Amino acid sequence: MCDVPPVISTPHFYLITVQRKGISFVAACKQEVPPLFVIEFLHRVADTFEDYFSDCSESIIKENYVVVYELLDEMLDNGFPLATESNILKELIKPPNILRTIANTVTGKSNVSTTLPLGQLSAIPWRRSGVRYTNNEAYFDVIEEVDAIIDKSGSTVFAEIQGYIDCCIKLSGMPDLTLSFMNPRLFDDVSFHPCVRFKRWEAERLLSFIPPDGNFRLMSYHISSQSVAAIPVYIRHNFSIKTGEQGRLDLTVGTRTVMGRSVDKVKLELAMPKCVLNCILTPNQGKYAFDSVTKILTWEVGRIDVTNLPNIRGTVSITPGSPNLDSNPTINVQFTISQMAVSGLKVNRLDMYGEKYKPFKGVKYITKAGKFQVRM
């Protein structure tokens, strides 16, 4: 898909657009508005569709046209965002299932509730009232994505971390939570869910909030290159093509500073030069595929065994008479490391006020590759 500018000016409207999974969400504005406000709303619409339908694809939207229109009708009132919290929307519009769809078809009813959710009228619109659970649980996922560019010699040209904390909160009543970190000064930039009391964060560097019920993103954060201690994955590479002859490719993937954690779901994608016809390679682990149309070589490595590092090597067939390479390929890397936050961020403790029961609490750390590129 070609790059579409986020804001398009036309004679009568400003068109503000976001792309999600191959679908364009477009808002038509009659007058100037802060673009980020509209972009955030469009992302919230896409998130709501994913929450309701488990996916947000063209076919899913076509299958659920009625619910989509009902949701948009509640989320946007006369051009202004109204109900955008998942808890409130699910009280207003019941998520679709097979039985409800059949019953609505037979009876002619809709998914829309006839009563207004109590949370809509309260000072805490993101949490529905009267929540009750047999097992009270609070789970936090600290997920960090490493964006990096590594040059030919293995030196880091650019590195930063985009992180977020996703929660699954199933607590009865109206709990008031406080989450603190061992090293909150790591954050260079933060963005919070509306439930977080920002003044408390500014003063004490801890998160104080009454949580929504269910799944939500508590915060997003950015850590700049000065704080990125080490890149967890390295690649040793050798790629050479001589004029009019076959080329050689040799790649080895290894790990560093992962504190004994395993590096899983490793996948490498190489955009090969146009002169390459085919690749005949031998991996000691995983499997590879070469697309002769797009010239993309994909190697699905899996888990890295530090005692026997994954390696792939072999010959590269090129078009006869092709000149030497004018540009070397780049390697896009994907990986996942469980139970580790590469920034060193650690949750200190979670305290609960306002309720007398003792909840079960858990924190999980995950490091993933974001836009991670190695230049050959």
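A short tour of the structure in this document, coming up. What you see is a predicted model; the values in this text were computed from it and never measured.

## As for the overall build of the chain
Scanning the chain for helices and strands turns up 6 helices and 21 strands. Residue burial in the chain is summarised as follows: out of 376 residues, 43% are buried. For the chain, restricting intrachain contacts to residue pairs at least 6 apart in sequence, the fraction spanning at least 24 positions comes to 69%. As presented, the chain carries roughly 20800 Å² of accessible surface, and 53% of it is formed by carbon and sulfur atoms.

## What to know about helix α1 (residues 35–53)
The first and last C-alpha atoms of α1 sit 27 Å apart over 19 residues, in line with the 27 Å expected at 1.5 Å per residue. Among all positions of α1, only Val38, Ile39, Phe41, Leu42, Val45, Ala46, Thr48, Phe49, Tyr52 and Phe53 are buried.

## Brief notes about the side chain of Thr17
Position of Thr17 relative to the elements: it lies in strand β2 (residues 14–20). We classify Thr17 as buried; its relative accessible area is 9%. Within the structure, Thr17 has its side chain in polar contact with the backbone oxygen of Phe25 (distance 3.4 Å). Contact partners of Thr17, with chain neighbours within four places excluded, come to Val4, Pro5, Pro6, Ser24, Phe25, Val26 and Leu42.

## Some remarks on the layout of surface pockets
Sizing a probe to match a water molecule and rolling it over the atoms shows the empty space that remains. There is about 1200 Å³ of room inside the largest pocket. Looking at the largest pocket, it is lined by 29 residues, and the ones nearest its centre are Arg44, Asp47, His193, Phe216 and Arg217. Of all the secondary-structure elements, those providing two or more residues to the lining of the largest pocket are α1, α4 (86–92), β7 (156–170), β9 (189–192) and β11 (214–223). Per-element accounting of the lining of the largest pocket gives the leading share, 7 residues, to α1. In terms of residue class, the lining of the largest pocket is built from 6 nonpolar, 10 polar and 13 charged. Here the lining of the largest pocket spans two domains, and each of domain 1 (7–107) and domain 2 (137–146 + 156–227 + 344–364) adds at least three residues to it.

## So, the pairing of strand β21 (residues 360–375)
Taken together, the 13 bridges between strand β6 (residues 137–150) and β21 define a ladder with parallel strand orientation. Bridging across to β21, Glu145 finds its partner in Lys368. Alignment of strand β19 (residues 330–338) against β21, held across 7 bridges, turns out to be antiparallel. Following the sheet pairing, Asn332 is matched in β21 by Gln373.

## Section: the pattern of salt bridges
For the structure shown, the criterion picks out 14 salt bridges. Across the pair Glu269 and Lys267 runs a salt bridge whose closest N-O atoms are separated by 3.9 Å. Under the relative-accessibility criterion, Glu269 is labelled partly exposed at 26%. Salt bridges linked by common partners bring Arg20, Lys21, Asp47, Glu50 and Asp55 together as one network.

## A look at the packing of aromatic side chains
One pass over the structure, following the stated rule, counts 11 aromatic pairs. Between Phe192 and Phe198, the aromatic rings sit 6.0 Å apart at their centres with planes inclined by 55°, giving tilted as the arrangement. Within the aromatic cluster, the residues linked to one another by ring pairs are Phe181, Phe187, Phe192, Phe198, Trp201 and Tyr221. A cation sits over an aromatic face here: Arg217 above Tyr164, 3.8 Å from the ring centre.

## Observations concerning the sheet that holds β2
Strand pairing in a sheet takes place through backbone hydrogen bonds and is either antiparallel or parallel in direction. Sheet architecture is open: 3 strands sit in the order β1-β2-β3, paired in antiparallel fashion. One side of each edge strand has no neighbouring strand; the edge strands of this open sheet are β1 (7–9) and β3 (23–29). Between one strand axis and the next, the sheet turns by 25° as a mean value, whatever way the strands run. Of the strand pairs in this sheet, β1 and β2 are connected by 3 bridges, and their pairing is antiparallel. Bridging from a neighbouring strand, Ile8 pairs with Leu15 of β2.

## Some points on helix α3 (residues 65–75)
Among all positions in α3, only Val67, Val68, Glu70, Leu71, Glu74 and Met75 are buried. When α3 is viewed along its axis, its buried side chains cluster within an angular range of 165° and face the same direction. The exposed set on the far side of α3, more than 90 degrees from its buried face, consists of Val66, Tyr69 and Asp73. In this structure, the buried residues of α3 make contact with α1, α2 (58–63), β4 (76–77), β5 (80–81) and α4.

What counts, and where the lines are drawn
- Residues numbered from 1 in each chain as written.
- Predicted model: local features only at pLDDT ≥ 70, side-chain atom pairs only at ≥ 80, totals over all residues.
- Heavy atoms only, no water.
- Helix = DSSP H or I, 4+ residues; strand = E, 2+ residues; numbered from the N terminus.
- Buried < 20%, exposed > 50% of the residue type's maximum accessible area, 1.4 Å probe, protein only.
- Contact = heavy atoms within 4.5 Å.
- Areas by Shrake-Rupley, 256 points an atom, 1.4 Å probe, with all protein chains shown as cover.
- Expected span 1.5 Å × (residues − 1).
- Polar contact = N/O pair within 3.5 Å; in protein donor to acceptor, adjacent residues only side chain to side chain.
- 1 Å grid on protein atoms, 1.4 Å probe; cavity = no way out; pocket = protein on both sides within 12 Å on 5 of 7 lines; lining within 4 Å.
- Points joined across faces, edges and corners; volume = space filled by probe spheres on them.
- Nonpolar A, V, L, I, M, F, W, Y, C, P; charged D, E, K, R; others polar.
- Domains from an automatic or database assignment.
- Pairing = 2+ DSSP bridges.
- Salt bridge = Lys/Arg side-chain N within 4 Å of Asp/Glu carboxyl O.
- Phe/Tyr/Trp six-rings, centres within 6.5 Å; stacked < 30°, edge-to-face > 60°.
- Lys NZ or Arg CZ within 6 Å of the ring centre and 35° of its normal.
- Axes fitted to C-alpha atoms, helices over the stretch in contact; angles between N-to-C directions.
- Arc of directions from axis to C-beta.

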